[in-house]
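# Tertiary structure, described
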Amino acid sequence: MRTIFFLLQKEFIQIFRNKMMLPIIFVMPIIQLLILSYTATFEIKNADIAFVDLSQSRSSRELIAKFKGSPFFTIKGNAFSIKQYDKSMLNGDIDIIIKIPNDFESSLLNGRSTFVQLISDAVNGSAANLMTAYALQILFDFNRNIITETYGKDLMSSQIKILPRYWFNPELNYKTYMVPGILVLLVSLIGAFLSGMNVVREKEIGTIEQLNVTPIKKYQFIIGKLFPFWVIAMVDLIFGLILAKLVFAIPILGSVALILGVAAIYMILVLAFGLFISTITDTQQQAMFIAWFFFVIFIIMSGLFTPVEGMPKWAQIINIINPIAYFIDFMRLVMLKGADFVDVQMQILKITVYAITMLGLSIIRYRKNA
Amino acid sequence: METAVRVVNLVKKFGNFVANDNLNFEVSKGEVFGFLGANGAGKTTAIKILCGLSKPTSGTVQVAGFDAYHQSEKIKQNIGYMSQKFSLYDDLTIKENIRFYGGIYGLSSKFIKQKTDEYITQLQLEQYQKRFVKDLPLGIKQKLAFSVANIHNPSIIFLDEPTSGVDPITRRQFWDLIYAEAHKGKTIFVSTHYMDEAEYCDRITIMVDGKIAALGTPNNLKRDYKANNISEIFLLLARGIKSENH
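The following refers to the structure shown. Here the structure is a predicted model, which means the values were calculated and not measured.

## Some points on the overall build of chain A
- Looking only at helices and strands, chain A features 14 helices and 4 strands.
- Over its C-alpha trace chain A gives a radius of gyration of 28 Å, far above what one expects of a compact globule, namely 21 Å for 370 residues.
- Dimensions of chain A, computed from the C-alpha atoms along their principal axes, are close to 95 × 45 × 40 Å.
- Here chain A holds 370 residues, and 47% of them are scored as buried.
- At a minimum sequence separation of 6, the contacts of chain A that also span at least 24 residues come to 76%.

## Focus on the sheet that holds strand β7 (residues 156–160) of chain B
All names here are of chain B.
- The strand order β6-β7-β8-β3-β9-β10 describes an open sheet built from 6 strands, whose pairing is mixed. The sheet terminates laterally at β6 (79–82) and β10 (211–216), the two strands that pair on one side only. The mean angle between the axes of side-by-side strands here comes to 15°, regardless of whether they run parallel or antiparallel.
- Strand direction decides the pairing type here: β7 and strand β8 (residues 187–192), joined by 5 bridges, are parallel. Looking at β8, one finds that F158 is bridged to F189.
- Contacts from helix α5 (residues 138–149) reach β6 and β7 within the one sheet, and its direction differs from that of β6 by about 160°.

## Side note on the interface of chain B and chain A
- Of the residues lining the interface, 35 residues belong to chain B; the matching set on chain A comes to 27 residues.
- Together, B:L53, B:Y89 and B:I104 form the three largest contributors to the area buried by chain B at its contact with chain A, with a combined 23%.
- In this assembly, chain B and chain A are joined by 3 salt bridges.
- For B:K48, the salt bridge is made with A:E209, and the minimal N-O distance between the two is 3.0 Å.
- Taken together, the links from chain B to chain A amount to 12 residue pairs in polar contact (both at pLDDT 80 or more).

## Digging into the packing of aromatic side chains
- In the structure shown here, the tally under the stated rule is 32 aromatic pairs over all chains.
- Ring geometry for A:F193 and A:W292: centres 5.2 Å apart, planes at 65°, overall edge-to-face. Remark: A:W292 occurs in helix α11 (residues 284–300) and A:F193 occurs in helix α7 (residues 174–205); sequence separation between them is 99 residues.
- Since its relative accessible area comes to 11%, A:F193 is described here as buried.
- For A:W292, a relative accessible area of 38% puts it in the partly exposed group.
- Ring geometry for B:F33 versus B:F189: centroids 5.3 Å apart, planes at 35°, classification tilted.

## Remarks on the packing of α7(A) against α11(A)
All names here are of chain A.
- Two elements in contact, α7 and α11, have axes separated by 9 Å at closest approach and are oriented at 160°. One element, α7, and the other, α11, form an angle in the roughly antiparallel class. When you trace α7 past α11, the crossing you get is right-handed. Residues L185, S188, L189, A192, F193, M197, V200, R201 and E204 of α7 touch α11, and the partners they reach there are Q284, Q285, A287, M288, A291, W292, F295 and I299.
- For the contact of α7 with α11, the residue count by class is 12 nonpolar, 3 polar and 2 charged.

## Concerning the nonpolar core
- One finds B:L144 and B:I206 to be the most contacted residues of the largest nonpolar core, which totals 71 residues.
- Tallying contributions element by element places α5(B) first for this core, with 6 residues.
- Counting 59 residues, the second largest nonpolar core, distinct from the first, contains A:M178, A:V262, A:A287 and A:V344.

## Brief notes about the side chain of B:E96
- With respect to the helices and strands, B:E96 occurs in helix α3 (residues 94–104).
- Overall, B:E96 belongs to the buried group, its relative accessible area being 13%.
- Polar side-chain contacts of B:E96 include one of 2.7 Å to the side chain of A:R17.
- Residues contacting B:E96, with those up to four places away along its chain left out, are A:I13 and A:R17.

Conventions used here
- Residues numbered from 1 in each chain as written.
- Chains lettered and ligands numbered in written order.
- Predicted model: local features only at pLDDT ≥ 70, side-chain atom pairs only at ≥ 80, totals over all residues.
- Heavy atoms only, no water.
- Helix = DSSP H or I, 4+ residues; strand = E, 2+ residues; numbered from the N terminus.
- Rg over C-alpha atoms; globule rule 2.2 N^0.38 Å.
- Buried < 20%, exposed > 50% of the residue type's maximum accessible area, 1.4 Å probe, protein only.
- Contact = heavy atoms within 4.5 Å.
- Pairing = 2+ DSSP bridges.
- Axes fitted to C-alpha atoms, helices over the stretch in contact; angles between N-to-C directions.
- Buried area = accessible area lost by both parts, 1.4 Å probe.
- Salt bridge = Lys/Arg side-chain N within 4 Å of Asp/Glu carboxyl O.
- Polar contact = N/O pair within 3.5 Å; in protein donor to acceptor, adjacent residues only side chain to side chain.
- Phe/Tyr/Trp six-rings, centres within 6.5 Å; stacked < 30°, edge-to-face > 60°.
- Parallel < 35°, antiparallel > 145°, perpendicular 65-115°, else oblique.
- Left-handed = near helix turned anticlockwise from the far one by under 90°.
- Nonpolar A, V, L, I, M, F, W, Y, C, P; charged D, E, K, R; others polar.
- Core = buried A, V, L, I, M, F, W, Y, C linked by side-chain atoms within 4.5 Å.

Just distances and angles here, no functional claims.
Here it is in structure tokens:
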């Protein structure tokens, strides 16, 4: 116990004496949380739209006016040929083109159906999907008005009516969805990188050898190394949760105690991961690269940006070793759905088993004799 | 006489490379034992095995009566070690370093305090007390590292090239520290590539290419090789083995 005390005392002195440490631990995650939470969005506002209005009629102008009134679109042009937009589409200045045929009004007046062509820049597939969906919604409304005007009653709504309700995030606020995930990401990075780099640093400067000739026990060394960063990561997480609540008004429906309790186990997992990397590398540079190798994969596959359900089967299997995926899942369940212990017991079990495995591996890998 | 270190047929291989080729020697308690050799001769490898930092490939190694294969943690309680890599924390002060190492050796706070005062007086560090170790002159750092390696009063002290890069005056002072510990009955196992330092040792071995090429007191070796100083013997042996190989 006393040995651990001396180790911890030394670590904390070193951490807080390092002038770069405080900004790394506190300022960087806050800036990242603020920036990323505002920018990592799935919403599309102000998509640039252009028209090829061959009809030049009252009806076509009405349709264009509908788009003008929508917050999702900014009208960037009106021309007589799609060709004229080739360059703008290529440059990305225009996201979507709607071509209205010259028989648009005459067909409508005569009760015939007519075709409107919708062309979207699908380089970003999901963005194209969204824009098209917004545009279709407007076209659908327009269509419905015409039918109502023509037949005197709303034929389209007489069949199946759809009343969507978005549970757990009724306003489809992307921040509600992203902030808990981004928070997990930031504390994971802090934990894994700092713990990994710290042990490798002792290798680099040679002090690890001096420690290894002392009768210090493996577990004492590992506790001495992990505990300080565990404390830091937990403080960061608590800080981030407060920020999420105050700045982004993210609801925390579930129990805060449950979040912190599982976070405590999760942080051991992440720190052990960093420690494991430090046992297989000799320099901070190597440790950094190896850590990035894993974390880039973990982050992209975590379900933070794209749903895990949409990934191929093999990718979902790889995700079994993705700690971030487990914790983001857990955090969203508890924060947004108000899941309780019983609801998330499988996630907790997985995180716990994984943490024990990783800690065990790094203890086995860490040798007092090379 | 009691034996502090006993090495029989020690072999250490890294893959195909034989770093220590069948070493045999004994060090008696209270002896100052010099371990000489060029860079890459295998001195550090052997010292690391003796300190329990590395396991031998084969052979018998006993340090302070404990076996290097199975009792390396017991060995660690009884030895002090100062490596050629600087081993104190640059970003801690003198006192913090002493407190840390004293602490992990399980010494009482009172004892650590007493030792700190003792070292500061002995090494004349009063003016440096508040400074970080990184700001100390190299000579003082090395002397402090020696004292810290010694804080738990071990019976054997291993020093791996403790004086490399240090000026001659500080080297002389460093050897005074070594003698002071030897006089207390401690065994000193010191490696160096300064041949003049060999004269300070009770007995020396000269290692060449992983093998022990010579072993004895400095005077006996000089007599046997009809040399004026250890340096001559060293050059003779190093060249001899080189020409044998080619």
